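# Residue-level structural notes
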Amino acid sequence: KNQVEQSPQSLIILEGKNCTLQCNYTVSPFSNLRWYKQDTGRGPVSLTIMTFSENTKSNGRYTATLDADTKQSSLHITASQLSDSASYICVVSFRYGNNRLAFGKGNQVVVIP
Amino acid sequence: NAGVTQTPKFRILKIGQSMTLQCAQDMNHNYMYWYRQDPGMGLKLIYYSVGAGITDKGEVPNGYNVSRSTTEDFPLRLELAAPSQTSVYFCASMYRGDNSPLHFGNGTRLTVT
């Protein structure tokens with residue numbers, strides 16, 4: 001059973017609009033939750049890292065939230081741009097176990113003009 | 001800094017052939033990882049290393065081998081290629097455990113026919 005579930009699997013949004021991506025996880029106890037952006041044909045790039053005690057973190061137009069009680073996180077993209085077209089991957093770090101990470105399958109976002 | 005460099009970018013192998021995927025980082029990171037990414041799936045950990053001379057198996061190590069003779073290099077060896085090893089392989093590195101960002105290379109796309 002996948003320990004990190006992301007939704008929606010894919011979405012198409014108009015340039016300039018906002019969108020929110022969801023991540024639910026079952027990893028417990030966890031150390032931190034990360035969001036990565038992966039452009040087609042490239043490796044993932046870190047957007048945010050939140051520890052279990054943080055509930056929001058921003059990186060430019062990207063804002064991640066974390067609710068450790070309900071084991072949910074979201075990534076909000078504000079005023080989307082064509083360059084935001086990518087896969088967004090939610091990653092949860094186990095608190096014990098040599099920095100083991102559980103990866104979600106990603107949210108595929110396509111921004112159209 | 002070049003970051004994490006992977007070579008080759010693409011490779012086609014015949015069943016039973018061997019090859020080494022190269023990975024090098026110039027950030028003096030202790031932790032290094034090999035992942036594979038299959039279409040529609042989350043990244044799966046193959047092997048990891050917490051320092052020179054130390055390696056350990058991840059979730060899907062069968063059919064692969066690694067070595068870590070220096071801090072900079074972490075090659076991944078496929079001894080007898082099988083079609084199931086067709087995938088995109090990513091090498092990643094991290095300065096230390098816990099809340100450090102993971103830096104990825106741009107991947108090696110391997111096809112075994």
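Look above for the structure.
Before going into details, it helps to say that this report is about the structure given with it.

The rules behind the values
- Residues numbered from 1 in each chain as written.
- Chains lettered and ligands numbered in written order.
- Predicted model: local features only at pLDDT ≥ 70, side-chain atom pairs only at ≥ 80, totals over all residues.
- Heavy atoms only, no water.
- Helix = DSSP H or I, 4+ residues; strand = E, 2+ residues; numbered from the N terminus.
- Rg over C-alpha atoms; globule rule 2.2 N^0.38 Å.
- Buried < 20%, exposed > 50% of the residue type's maximum accessible area, 1.4 Å probe, protein only.
- Contact = heavy atoms within 4.5 Å.
- Areas by Shrake-Rupley, 256 points an atom, 1.4 Å probe, with all protein chains shown as cover.
- Lys, Arg positive; Asp, Glu negative; His and termini not counted.
- Charge placed at Lys NZ, Arg CZ, Asp CG, Glu CD.
- Buried area = accessible area lost by both parts, 1.4 Å probe.
- Polar contact = N/O pair within 3.5 Å; in protein donor to acceptor, adjacent residues only side chain to side chain.
- Nonpolar A, V, L, I, M, F, W, Y, C, P; charged D, E, K, R; others polar.
- Pairing = 2+ DSSP bridges.
- Axes fitted to C-alpha atoms, helices over the stretch in contact; angles between N-to-C directions.
- Core = buried A, V, L, I, M, F, W, Y, C linked by side-chain atoms within 4.5 Å.

### Let's talk about the overall build of chain A
Counting its secondary structure elements, chain A contains zero helices and eleven strands. Going from the N terminus to the C terminus, chain A shows its helices and strands as β-β-β-β-β-β-β-β-β-β-β. Its C-alpha atoms give chain A a radius of gyration of 14 Å, within 12% of the compact-globule value 13 Å for 113 residues. Looking at chain A as a whole, 46% of its 113 residues qualify as buried. Contacts in chain A between residues far apart in sequence, at least 24 positions, make up 56% of those at least 6 positions apart. Surface accessibility of chain A: about 5,400 Å² in total, with carbon and sulfur atoms responsible for 49%. Taken as two groups, the 11 positive and 7 negative side-chain charges of chain A have centres that lie 6 Å from each other.

### Quick word on the interface of chain B and chain A
With 21 residues of chain B at the contact, the number on the chain A side is 19 residues. Here chain B meets chain A over a buried area of about 1,700 Å², counting both sides, of which 49% is carbon and sulfur. The largest share of the area that chain B buries against chain A comes from Asp98, Asn99 and Asn106 of chain B, three residues that together contribute 26% of it. Where chain B meets chain A, there are four residue pairs in polar contact (both at pLDDT 80 or more). Those elements giving two or more residues to the side of chain B that touches chain A turn out to be β4 (31–37), β5 (44–51) and β9 (87–94) of chain B. For the side of chain B that touches chain A, the leading source of residues is β4 of chain B, giving four residues. Class assignment of the residues belonging to the side of chain B that touches chain A gives a composition of twelve nonpolar, eight polar and one charged.

### Brief notes about unusual backbone geometry
Geometrically, the link from serine 7 of chain A to proline 8 of chain A is a cis peptide bond, its omega value of -10 degrees lying close to zero. Positionally, proline 8 of chain A belongs in the loop between β1 (4–7) and β2 (10–14). Residues threonine 7 of chain B and proline 8 of chain B are joined by a peptide bond in cis, for which omega reads -5 degrees. As for its placement among the helices and strands, proline 8 of chain B is situated in the loop between β1 (4–7) and β2 (10–13). The phi dihedral of lysine 71 of chain A is positive, around 60 degrees, even though this residue is not glycine. Within the secondary structure, lysine 71 of chain A sits in the loop between β7 (62–67) and β8 (72–77). By relative accessible area, which is 26% here, lysine 71 of chain A ends up partly exposed. The backbone of alanine 79 of chain A sits at a positive phi, close to 50 degrees, despite the residue not being glycine.

### Quick notes on the sheet that holds β7 of chain A
All names here are of chain A. Reading across from one edge, β1-β3-β8-β7-β6 is the order of the five strands in this open sheet, with antiparallel pairing throughout. Pairing within the sheet leaves two strands with one partner each, and these edge strands are β1 and β6 (56–59). Pairwise comparison of adjacent strand axes, ignoring direction, gives a mean angle of 15 degrees for this sheet. Pairing between β1 and strand β3 (residues 19–25): four bridges, direction antiparallel. Of the residues in β3, the one forming a bridge with glutamate 5 is asparagine 24.

### Remarks on the nonpolar core
Judged by nonpolar contacts, the single largest core of 26 residues is most densely connected at Leu21, Tyr25, Leu33, Trp35, Leu75 and Tyr88 of chain A. Of all the elements in the fold, those that place two or more residues in this core are β2, β3, β4 (30–38), β5 (45–51), β7, β8, β9 (86–94) and β11 (107–112) of chain A. In terms of residue count, the dominant contributor to this core is β9 of chain A (five residues). Ignoring any residue separated from it by four or fewer positions in sequence, one finds leucine 21 of chain A in contact with Ser7, Leu11, Trp35, Ser73, Ser74, Leu75, Tyr88, Asn107 and Val109 of chain A. By size, the runner-up hydrophobic cluster in this structure holds 20 residues, among which are Met27, Tyr47, Tyr64 and Tyr89 of chain B.

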